[in-house]
Structure formats: structure tokens, C-alpha cells
Amino acid sequence: MIRLENIHVRHKARGGGLFRHDAVHALTVASVEVAKGETLGLVGESGSGKSTLARVLTGLQKPTEGTVRFRGEDLWRLPAARRRKEFGTAVGIVFQDPSTALNPRMRVGRILRDPLDVHRRGTEREREERVEELLDLVGLPGHTLRALPGQLSGGQQQRVAIARALALEPDVIVADEPTSALDVSVRAQVLNLLMDLRARLGLGMVFISHDIQTVRHLSDRLAVLYLGRIVEEGPARAVAAGPAHPYTEALFSATPSLLEHTQRIILTGPVPSAVNPPSGCRFRTRCWKADDACATAFPAAEGTADGHRRHCVHPLTEDAPALSPSGPTPVSIARSTS
Ligand SMILES: Nc1ncnc2c1ncn2[C@@H]1O[C@H](COP(=O)(O)OP(=O)(O)O)[C@@H](O)[C@H]1O
Ligand SMILES: [Mg+2]
């Protein structure tokens, strides 16, 4: 459906000061693919480039370099009208914070009706019916149509945002941390709604989160971002069973499941600036396996036949696990046994 090839996104650095004229390297040589009906999970800490990737995937952001392919065609070479009509209706996006994603002055009915009007879907009557159907799909009562977003709870607002994303019957939904701005008590409901809709409508999905444990269970494939670089990618099961990149291992151990990871890896030191990222492997300044070789060049992808790839000079393998009890004490990490 959508393929990103060697995408770079550089933003102008915000604000003044020392780095006034510098670029923020939000994404560097990122390549991912979303197949029909498949769920791609995207994880990484805050600032790793997840939202930038979401914006590139949905055509909201034109990459500085690289190619976005939509059903094989180069998206940014399509005439603007076709791009809006074909791509704009095939891909929907759900943002992190529904209180800023919905126009506070529009009633819910208008919000859901808007994409149908813009794309001239069906007759007046059909549009009205579709709006009611959308409300029903996301489990909201009919009177919600007359409400303003501000009169709804965060969970209800996110349901409206999901309904809006589905209005034009997209093939793919990109959900950018769709529950992290919500009350803990409603997160599971909204997540379940998304998963239920995915199954019922046969949607492809890009599910973005900073929580690798949630993502692994919801995704077919997993991609791990660190400072704008994809450092590991593969079938979710394979990545979870045997993370190859130390950063992926650290993410898993930060939120341990009951049976695995009795030892926690705690990353120390600051995340380096995306204005001036480290040479070579960007994770090396926080990695307990890093040596001089890691500073020379970003490691090329190496992987297995099932498409499990990693970019690492010293990947974790069977013979060199992350935290061998008899091994040397890692330098840049603290260990605690839980
Ligand atoms: N419009 C922008 N202008 C300048 N810098 C930006 C802009 N958007 C994002 N960035 C920077 O790009 C990097 C990646 O941001 P983002 O994609 O939002 O990451 P994430 O969603 O993983 O937190 C960050 O360093 C962020 O500060
Ligand atoms: Mg984000």
C-alpha cells in the first residue's frame, strides 16, 4: 500500500540561539512499508521522529529527500488533484491529542460531514446516513452529533476523531499515540475500539506508541526508531522473542512482562540532540556495548530471512545476550534486579 524509501526529514531548528541556522534531523534514511490489512507498530522515545514519520506516511509532510510510494506510484510526483483524491481518501490519521485535533467551534455532525462534503461523496441524504453510521461505528449515541468537542470527554473526542478518520473508507489508518493523552481509565476502551474496527473493516494500520509492550501485541511487524533512525525492524513476534539491537532490548526491559527480563536495563545519560546527532550509530553514546567501531558509520542492515533486520555493530545474539550474569558490568547502564 505505502512504502517509504530512504526518507529524510530535516526541520529548521526552532527558536534562536546557537543552533539558529541548523537543521533538526527528524528522520534519516527511513524505509518502511505498510501492506494491505497489516499492522505496523512504530516505537521509540519522545523526539525519535514518530510523529514526523506519521506525517510523511499520511502525506501531510513532504520529505526533504526520499520517495513515498503509494500503490507503487511516487506520491509526490502525482498531480496534486490525484494525490488529494486517491491518497487523501485511502489513508486516515488519528492524532495523539483529540482536544487539539478537532475544531472546537464545529459540532460533531459537521466534523464528520466535512470530509464527505470536501470529497463530494454521494447525495445529501447518503452523507447524512454515513455520518450516523460513523457515529454508530465508534459507539457514540446519536445526540453526540449536536455537541461541540469541548462538551465531550477525552475518550469521546478521540472516538469522534476515529470516526472522522474512517469517513472516506480508508485502507490504512495511522494512529499516532492515540491513547497517550487520554485518561488511564478509558485507554483500553479506545484501544479495543481501534482493534475491533481494524478487524471488522480489514484496515491496515500504523500503530505508534512509546510503549513497546503494547505495540508488540497489536502489531504484525515492528519498527524501532532512535533519534530519527530505524535501528531494528521485523515480525513483531521475532523482535519480541529476540531483540537484536541493544536499544530494543532496553525498551523491552523498561516495561518488563511477568516472565521475561528479570534484570532491568536503565538507560542513563541524555538523549543526544537531533540537531547534532552522534556520528555512526546514534545510540552509541548511551549503549553499553559501544566501542570505536560504532562511531565510524551508521551500521548497514543485517538480518535474517524472515525480514528481521537490525543496524548494529554488536548485535545481541544467543552467545552474547544483553545481560549475561557472568559478563562484565555494563558501563553506561545501571542494573537492578526486580
Ligand atoms: N516543525 C518542526 N520544526 C522543528 N523541529 C521539529 C518540528 N517537528 C518536529 N521537530 C523535531 O523533530 C524531532 C522529531 O520529532 P517528532 O517526530 O515529533 O518525534 P516523536 O513523535 O517521536 O516525539 C524532534 O527533535 C522535534 O523536536
Ligand atoms: Mg509524537
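Residues numbered from 1 in each chain as written. Chains lettered and ligands numbered in written order. Predicted model: local features only at pLDDT ≥ 70, side-chain atom pairs only at ≥ 80, totals over all residues. Heavy atoms only, no water.

Enquirer: What is the right way to look at the packing of aromatic side chains in this model?
Expert: We describe a pair of aromatic rings using the distance from one ring centre to the other and the angle between the two ring planes. Applying the stated criterion to the full structure yields 4 aromatic pairs. For the pair Tyr 226 and Phe 283, a centre-to-centre distance of 5.0 Å together with 80° between the ring planes defines the contact as edge-to-face. With Tyr 226 in strand S9 (residues 221-226) and Phe 283 in the loop between strand S11 (263-267) and helix H11 (293-296), this residue pair connects regions lying 57 residues apart in the sequence. For the pair Tyr 226 and Phe 283, a shared accessibility class is recorded, and that class is buried. Grouped by ring-pair contacts, the aromatic residues Tyr 226, Tyr 247 and Phe 283 constitute a single cluster. Just above the ring of Phe 298 sits the side chain of Arg 229; from NZ or CZ to the centre is 3.7 Å. (Phe/Tyr/Trp six-rings, centres within 6.5 Å; stacked < 30°, edge-to-face > 60°. Helix = DSSP H or I, 4+ residues; strand = E, 2+ residues; numbered from the N terminus. Buried < 20%, exposed > 50% of the residue type's maximum accessible area, 1.4 Å probe, protein only. Lys NZ or Arg CZ within 6 Å of the ring centre and 35° of its normal.)

Enquirer: Help me understand the sheet that holds strand S1 (residues 2-12) in this model?
Expert: Backbone hydrogen bonds are what pair the strands of a sheet, in a parallel or an antiparallel way. Within the open sheet, the 4 strands sit side by side as S2-S1-S4-S5. Their pairing is antiparallel. Two strands close off the open sheet at either side, each with one partner strand: strand S2 (23-34) and strand S5 (73-74). Direction of pairing for S1 relative to strand S4 (residues 65-70): antiparallel, over a ladder of 5 bridges. Looking at S4, one finds that His 8 is bridged to Glu 65. Contacts from helix H1 (residues 50-57) reach S1, S2 and S4, with the element oriented near 125° to S1. (Pairing = 2+ DSSP bridges. Contact = heavy atoms within 4.5 Å. Axes fitted to C-alpha atoms, helices over the stretch in contact; angles between N-to-C directions.)

Enquirer: Would you explain the packing of helix H4 (residues 108-118) against helix H5 (residues 124-137) in this entry?
Expert: A pair of packed helices is captured by two measures, namely the crossing angle of their axes and the spacing between those axes. As a packed pair, H4 and H5 sit with axes 10 Å apart at the nearest point and diverge in direction by 125°. Considered as vectors, H4 and H5 are oriented oblique to each other. For the pair H4 and H5, the sense of crossing is right-handed. Taking contact as the criterion, the partners of Val 108, Gly 109, Leu 112, Arg 113, Leu 116 and Asp 117 in H4 are, on H5, Glu 124, Arg 127, Glu 128, Arg 130, Val 131, Leu 134 and Leu 135. For the contact of H4 with H5, the per-class residue count stands at 6 nonpolar, 1 polar and 6 charged. (Parallel < 35°, antiparallel > 145°, perpendicular 65-115°, else oblique. Left-handed = near helix turned anticlockwise from the far one by under 90°. Nonpolar A, V, L, I, M, F, W, Y, C, P; charged D, E, K, R; others polar.)

Enquirer: Explanation requested: the side chain of Arg 282 in the structure shown.
Expert: Along the chain, the position of Arg 282 falls in the loop between S11 and H11. A polar contact is formed between the side chain of Arg 282 and the backbone oxygen of Leu 227, at a distance of 2.6 Å. Not counting residues up to four positions away in its chain, the partners in contact with Arg 282 are His 25, Thr 28, Tyr 226, Leu 227, Gly 228, Arg 229, Pro 272 and Pro 277. (Polar contact = N/O pair within 3.5 Å; in protein donor to acceptor, adjacent residues only side chain to side chain.)

Enquirer: Is there a simple way to think about helix H10 (residues 246-254) in this case?
Expert: Three or four residues apart is the spacing at which side chains of an α-helix point the same way, because the helix has 3.6 residues per turn. Most of H10 is tucked away: 8 of the 9 residues are buried. Those residues of H10 lying buried are Pro 246, Tyr 247, Thr 248, Glu 249, Ala 250, Leu 251, Phe 252 and Ser 253.

Enquirer: Looking at this structure, I do not really get the packing of helix H6 (residues 154-166) against helix H7 (residues 184-201). What am I missing?
Expert: Where H6 meets H7, the axes come as close as 10 Å, and the angle between the chain directions of the two elements is 20°. Considering the angle they form, H6 stands roughly parallel to H7. Here the hand of the crossing between H6 and H7 comes out right-handed. Where H6 approaches H7, its residues Gly 155, Gln 158, Arg 159, Ile 162 and Leu 166 are matched on the opposing element by Val 186, Gln 189, Val 190, Leu 193, Leu 194, Leu 197 and Leu 201. Considering only residue class, the contact of H6 with H7 consists of 8 nonpolar, 3 polar and 1 charged.

Enquirer: Where do I start with the environment of Gln 189 in this structure?
Expert: If you trace the backbone, Gln 189 turns up in helix H7. When the C-alpha positions of Gln 189 and Thr 179 are compared, they lie 9.4 Å apart, and in sequence the two are 10 residues distant.

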